[in-house]
Protein chains: 2
Amino acid sequence: MARGRAATTAAIRLDVVDRPEAISAVSDATAAIGGRIRTLATVRPIDGEPRLVEIELEVEGVSEEALVAGLRDLADVRTIHLTKALGTVFGKRIIVVGGGAQVAQVALGAVSEADRHNLRGELISVDTIPLVGEEQIAAAVRAVADLPRARLLVLAGSIMGGDISRAADELRAVGIPIIALNMVGSITDHVDLVVSDPVQAGTMAVMAVADTATFDLDRQRGRRY
Amino acid sequence: MARGRAATTAAIRLDVVDRPEAISAVSDATAAIGGRIRTLATVRPIDGEPRLVEIELEVEGVSEEALVAGLRDLADVRTIHLTKALGTVFGKRIIVVGGGAQVAQVALGAVSEADRHNLRGELISVDTIPLVGEEQIAAAVRAVADLPRARLLVLAGSIMGGDISRAADELRAVGIPIIALNMVGSITDHVDLVVSDPVQAGTMAVMAVADTATFDLDRQRGRRY
């Protein structure tokens with residue numbers, strides 16, 4: 001979600017009975033106190049009778065106290081713990097997808113650069129997955145649009161094109177920029193910036209999303225380094 | 001969620017009017033067709049009148065067709081796209097937290113090892129954040145319990161203890177194991193395994209969660225390498 005709104009987000013983790021009506025009751029009760037559910041994530045099942053699931057819930061527009069008071073008496077709700085909204089802990093996310101060798105080097109640059117910015121009050125994570133094959137990589141590119149707090153994708157490989165390039169266009173259309181390594185294939189015509197060195201690509205990726213950096217991706221669009 | 005259930009999960013991304021009642025209507029309609037909401041994540045706001053939010057929704061127990069049919073006529077729901085459940089794209093997550101230099105080296109080992117397993121049908125992500133300070137690191141350790149699909153934490157630093165060790169005990173109590181680098185502080189007495197070399201620590205972390213590896217963390221518990 002947009003910057004600066006995290007402070008008004010109440011976050012709890014609760015155990016609920018694993019049936020469709022339980023989530024429905026939780027969201028009705030949340031709406032009744034004027035809360036907007038931003039995140040509802042099932043983190044793990046708890047075996048037993050009845051079977052429970054543990055859920056992380058982030059709600060905007062209400063205090064933690066009001067949220068706990070609004071939910072604790074529901075029949076399907078068991079234990080409630082206070083927790084922190086994930087955005088206040090893990091911040092903005094750079095996603096790195098591609099071949100293992102290149103992903104590892106991009107991560108090296110990005111983690112080192114994120115360290116420098118996080119020391120000055122930023123909060124930037126570097127999330128990676130090594131994958132092979134056009135279909136799998138294209139699916140990952142499209143799925144970045146579904147990841148909360150994803151701010152930029154780095155494509156780190158030696159050859160990418162075809163459906164990956166189509167997926168790149170779709171991702172940029174929802175507002176998530178892409179940096180690609182200099183590589184074989186059409187992908188380099190479907191990204192915001194092409195960088196030959198993977199450590200530099202990771203570094204620039206972090207600079208592009210950090211408020212503590214003076215690096216404007218808009219002014220670099222279409223360039224190759 | 002547990003392995004093998006992802007195949008029955010319908011995933012869509014939809015635009016809804018940004019008001020408390022909208023989520024309530026979506027979850028009521030989902031429960032009415034027998035679906036259990038596993039993930040509801042607000043991925044971005046869409047400015048306009050009315051203001052919309054884009055939401056990623058994963059539902060167990062119903063088909064994508066039934067889910068779309070059940071939601072498309074709700075007053076607050078606009079565009080619906082089909083998408084893929086995040087677990088089927090990004091899989092299990094190794095989380096790496098600590099100092100930039102060490103996190104980068106653990107990531108190098110973990111990404112390289114994940115690459116080898118993902119080539120054989122596994123799906124393992126390596127998610128990292130460089131952080132400084134007892135309070136921030138302890139908060140991150142606790143927040144790993146709130147991350148969907150987090151399977152193992154690697155603590156990569158030079159000195160950790162105090163509240164970080166308490167947070168480590170809490171995280172292990174919910175079933176998420178921890179590997180720590182060999183470092184100063186009490187943390188090494190509060191983790192499952194201590195490994196001196198960061199590349200090796202990242203490699204072992206991936207082996208510990210990969211079904212394609214013969215590495216049993218239970219048999220290594222308490223050891224130091």
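Structural data are supplied above this passage.
Residues numbered from 1 in each chain as written. Chains lettered and ligands numbered in written order. Predicted model: local features only at pLDDT ≥ 70, side-chain atom pairs only at ≥ 80, totals over all residues. Heavy atoms only, no water.

## Brief notes about the overall build of chain A
Put simply, the rule reads: Going along the chain from the N terminus, every DSSP run of H or I of four or more residues is numbered as a helix, and every run of E of two or more is numbered as a strand. The classification of residues rests on relative accessible area computed with a 1.4 Å probe and restricted to protein chains. Under 20% of the type maximum is buried, over 50% is exposed, and intermediate values are partly exposed. Two residues form a contact once any of their heavy atoms are found within 4.5 Å. Areas reported here follow the Shrake-Rupley algorithm with a probe of radius 1.4 Å; residue values treat only the protein chains shown as occluding.
For chain A, the helix and strand inventory stands at 8 helices and 9 strands. Across its three principal axes, chain A shows a C-alpha extent of roughly 60 × 35 × 25 Å. Taking all 225 residues of chain A together, 59% fall into the buried category. Partitioning the contacts of chain A with sequence separation of at least 6, the portion at a separation of at least 24 is 72%. Approximately 8500 Å² of chain A is accessible, and the part contributed by carbon and sulfur atoms is 50%.

## Thoughts on the pattern of salt bridges
Condition: Put simply, a salt bridge is a Lys or Arg side-chain nitrogen that is within 4 Å of an Asp or Glu carboxyl oxygen.
Considering all chains together, one arrives at 44 salt bridges over all chains under this definition. Ionic pairing is found between D218(A) and R221(A), a salt bridge with its closest N-O pair at 2.9 Å. The network of salt bridges with common partners includes D18(A), D47(A), R51(A), R36(B), R38(B) and E60(B).

## Some remarks on the packing of helix α1 (residues 20-32) of chain A against helix α2 (residues 64-71) of chain A
Residues and elements named next belong to chain A. The test is simple: Simply put, an axis is a line fit to the C-alpha atoms, just over the touching stretch for a helix, and the angle between two N-to-C directions goes from 0 to 180 degrees. Each angle receives one of four descriptions, namely roughly parallel if under 35 degrees, roughly antiparallel if over 145, roughly perpendicular if within 65 to 115, and oblique otherwise. A crossing counts as left-handed when the near helix is turned anticlockwise from the far one by less than a right angle, and as right-handed when that turn is clockwise.
Two elements in contact, α1 and α2, have axes whose closest approach is 9 Å; the angle formed by their N-to-C orientations is 130 degrees. Accordingly, the angle class assigned to the pair α1 and α2 is oblique. As α1 packs across α2, the resulting crossing turns out to be right-handed. Contacts from V26, A29 and T30 of α1 reach α2 at L67, G70 and L71.

## Focus on the relation of the copies chain A and chain B
Stated precisely, the cut-off is as follows: For the least-squares superposition of copies, only C-alpha atoms count, and only for residues with pLDDT at least 70 in both.
By a simple turn and slide, chain A fits onto chain B: the slide is 0.0 Å along the axis, the RMSD is 0.0 Å, and the turn is 180 degrees. As the rotation angle and translation indicate, the two copies are arranged about a two-fold axis. Every residue of chain A has its C-alpha some distance from the rotation axis, and the shortest such distance is that of D127(A), at 2.0 Å. Taken together, the interface assignments show that 100% of the residues at the interface of chain A recur at the interface of chain B, consistent with an identical surface on both copies.

## Considerations on the interface of chain A and chain B
As a reminder of what qualifies: Any N or O atom pair separated by 3.5 Å or less is treated as a polar contact, with the protein-specific requirement of one donor-capable and one acceptor-capable atom, and with residues adjacent in sequence counted only for side-chain atom pairs. Gly is placed with the polar residues, together with every amino acid not listed as nonpolar (Ala, Val, Leu, Ile, Met, Phe, Trp, Tyr, Cys and Pro) or charged (Asp, Glu, Lys and Arg). Strands qualify as paired when DSSP identifies two bridges or more between them.
On the chain B side, the residues contacting the 66 residues of chain A number 66 residues. Joining chain A to chain B, the criterion identifies 6 salt bridges. A salt bridge links R36(B) to D18(A); the shortest N-O distance between them is 3.7 Å. In this assembly, chain A and chain B are joined by 20 residue pairs in polar contact (both at pLDDT 80 or more). Those elements that place two or more of their residues in the side of chain A that touches chain B are α1, β2 (36-46), β3 (52-60), α3 (86-90), α4 (100-118), β6 (124-130) and α5 (134-143) of chain A. Across the side of chain A that touches chain B, the residue classes tally to 35 nonpolar, 14 polar and 17 charged. Both β2(A) and strand β2 (residues 36-46) of chain B contribute to a ladder of 3 bridges, which runs antiparallel. Of the residues in β2(B), the one forming a bridge with A41(A) is T39(B).

Function-wise, these values are silent; they only describe arrangement.
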